[in-house]
Amino acid sequence: MTHILCKTTDIEDPGSKSFEVKIHRKTQAIFVVHKEGEFFAYYNKCPHTGASLEWQEDQFLDLDKALIQCTTHDALFMIDTGECIAGPCVGDLLQTLALTIKDDEIHLNI
Ligand code: FES
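Predicted, not measured: the structure shown is a model, and the values here were computed from it.

Participant: Sorry if this is basic, but what is going on with unusual backbone geometry here?
Facilitator: Across residues other than glycine, the phi torsion is negative in most instances, and most of the peptide bonds are trans. In this chain, Asp13 is followed by Pro14 through a cis amide linkage whose omega measures 0 degrees. Relative to the assigned elements, Pro14 resides in the loop between strand 1 (2-7) and strand 2 (15-23).

Participant: How should the nonpolar core be read in this particular structure?
Facilitator: Across soluble globular proteins, you tend to see nonpolar side chains buried next to one another. Ranked by internal contacts, the top residues of the largest apolar core, which has 16 residues, are Phe31, Leu53, Ile68, Phe77 and Leu94. Going through the elements one at a time, strand 3 (26-35) and strand 4 (38-43) are the ones with two or more residues in this core. With sequence-adjacent residues up to four places away left out, Ile68 is seen in contact with Phe31, Val33, Tyr42, Leu53, Phe60, Leu61, Ala75, Leu76, Phe77, Met78, Ile79 and Leu94. Listed in part, the 14 residues of the second largest apolar core include Ile23, Phe39, Ala41 and Tyr43.

Participant: Would you take a moment to explain the packing of aromatic side chains for this structure?
Facilitator: The geometry of an aromatic ring pair is captured by two quantities: the separation of the ring centres and the angle between the planes. This model, assessed by the stated rule, comprises 2 aromatic pairs. Both rings, one in Phe31 and one in Tyr42, keep their centres 5.9 Å apart while their planes meet at 40 degrees; by these two values the pair is tilted. Here Phe31, found in strand 3, pairs with Tyr42, found in strand 4; they are 11 residues apart in sequence, far enough to count as distant. Judged by its relative accessible area of 0%, Phe31 is buried. Relative to Phe60, the ring of Phe31 has its centre 4.1 Å away and its plane inclined at 5 degrees; by these criteria the two rings are stacked. Here the residue Phe31 occupies a position in strand 3, and Phe60 occupies one in the loop between strand 4 and strand 5 (68-69), the gap between them amounting to 29 residues. Ring pairing ties together the aromatic residues Phe31, Tyr42 and Phe60, which thus form one cluster.

Participant: I keep staring at the sheet that holds strand 6 (residues 76-77) and nothing clicks. Help me out?
Facilitator: Sheet strands associate in pairs through backbone hydrogen bonding, adopting either a parallel or an antiparallel arrangement. Spatially, 3 strands are ordered 5-6-7 in an open sheet, and the strand pairing comes out antiparallel. Edge positions in the sheet fall to strand 5 and strand 7 (84-86), since each of these pairs with one other strand and no more. Here 2 bridges tie strand 5 to strand 6, and the two strands are oriented antiparallel to one another. From the neighbouring strand, Gln69 faces strand 6, where its bridge partner is Leu76.

Participant: I would appreciate a short explanation of the layout of surface pockets in the present structure.
Facilitator: A probe as big as a water molecule, rolled over the atoms, marks out the empty space that is left. Estimates place the volume of the largest pocket at around 230 Å³. Around the largest pocket sit 15 residues that line it, and Gly15, Ser16, Asp58, Gln59 and Lys65 are the ones nearest its centre. Broken down by element, the lining of the largest pocket gets its largest block of residues, 3 residues, from strand 2.

Participant: Looking at this structure, I do not really get the sheet that holds strand 1. What am I missing?
Facilitator: Taken in spatial order, the 6 strands of this open sheet run 1-9-8-4-3-2, and their pairing is antiparallel. Pairing within the sheet leaves two strands with one partner each, and these edge strands are strand 1 and strand 2. Here the strands of the sheet are splayed against their neighbours by 30 degrees on average, with no regard to which way each runs. Both strand 8 (residues 96-102) and strand 9 (residues 105-109) contribute to a ladder of 5 bridges, which runs antiparallel. Bridge pairing in strand 9 links Leu99 to Leu108.

Parameters at a glance
Residues numbered from 1 in each chain as written. Predicted model: local features only at pLDDT ≥ 70, side-chain atom pairs only at ≥ 80, totals over all residues. Heavy atoms only, no water. Helix = DSSP H or I, 4+ residues; strand = E, 2+ residues; numbered from the N terminus. Core = buried A, V, L, I, M, F, W, Y, C linked by side-chain atoms within 4.5 Å. Buried < 20%, exposed > 50% of the residue type's maximum accessible area, 1.4 Å probe, protein only. Contact = heavy atoms within 4.5 Å. Phe/Tyr/Trp six-rings, centres within 6.5 Å; stacked < 30°, edge-to-face > 60°. Pairing = 2+ DSSP bridges. 1 Å grid on protein atoms, 1.4 Å probe; cavity = no way out; pocket = protein on both sides within 12 Å on 5 of 7 lines; lining within 4 Å. Points joined across faces, edges and corners; volume = space filled by probe spheres on them. Axes fitted to C-alpha atoms, helices over the stretch in contact; angles between N-to-C directions.

So far we have only geometry, and geometry alone does not tell us how the molecule works.
What follows is the structure, encoded as structure tokens:
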């Protein structure tokens, strides 16, 4: 089953956007990052405490837009793998979600 999130042009490159989607009958907060033409999706849950990551609506990236940053204790994560490379949960992973790009739309595979 897929769920259409938005158009590919709705997220700047680099940039990010949050969504609420129903996954297995539960509403879940997720976010998508657009970087160098590619899209990556994760649950909006820091592996450190389970907190939401963004510092402002749709703002999940650090100032250089090179890494995902958790606003609570500044953990930094790789955009393409979700691996924490700095901060209190180094080595832990954001939980990834699968996407398919079809006809300029971003589809979440659930
Ligand atoms: S809650 Fe994300 S780094 Fe602590």
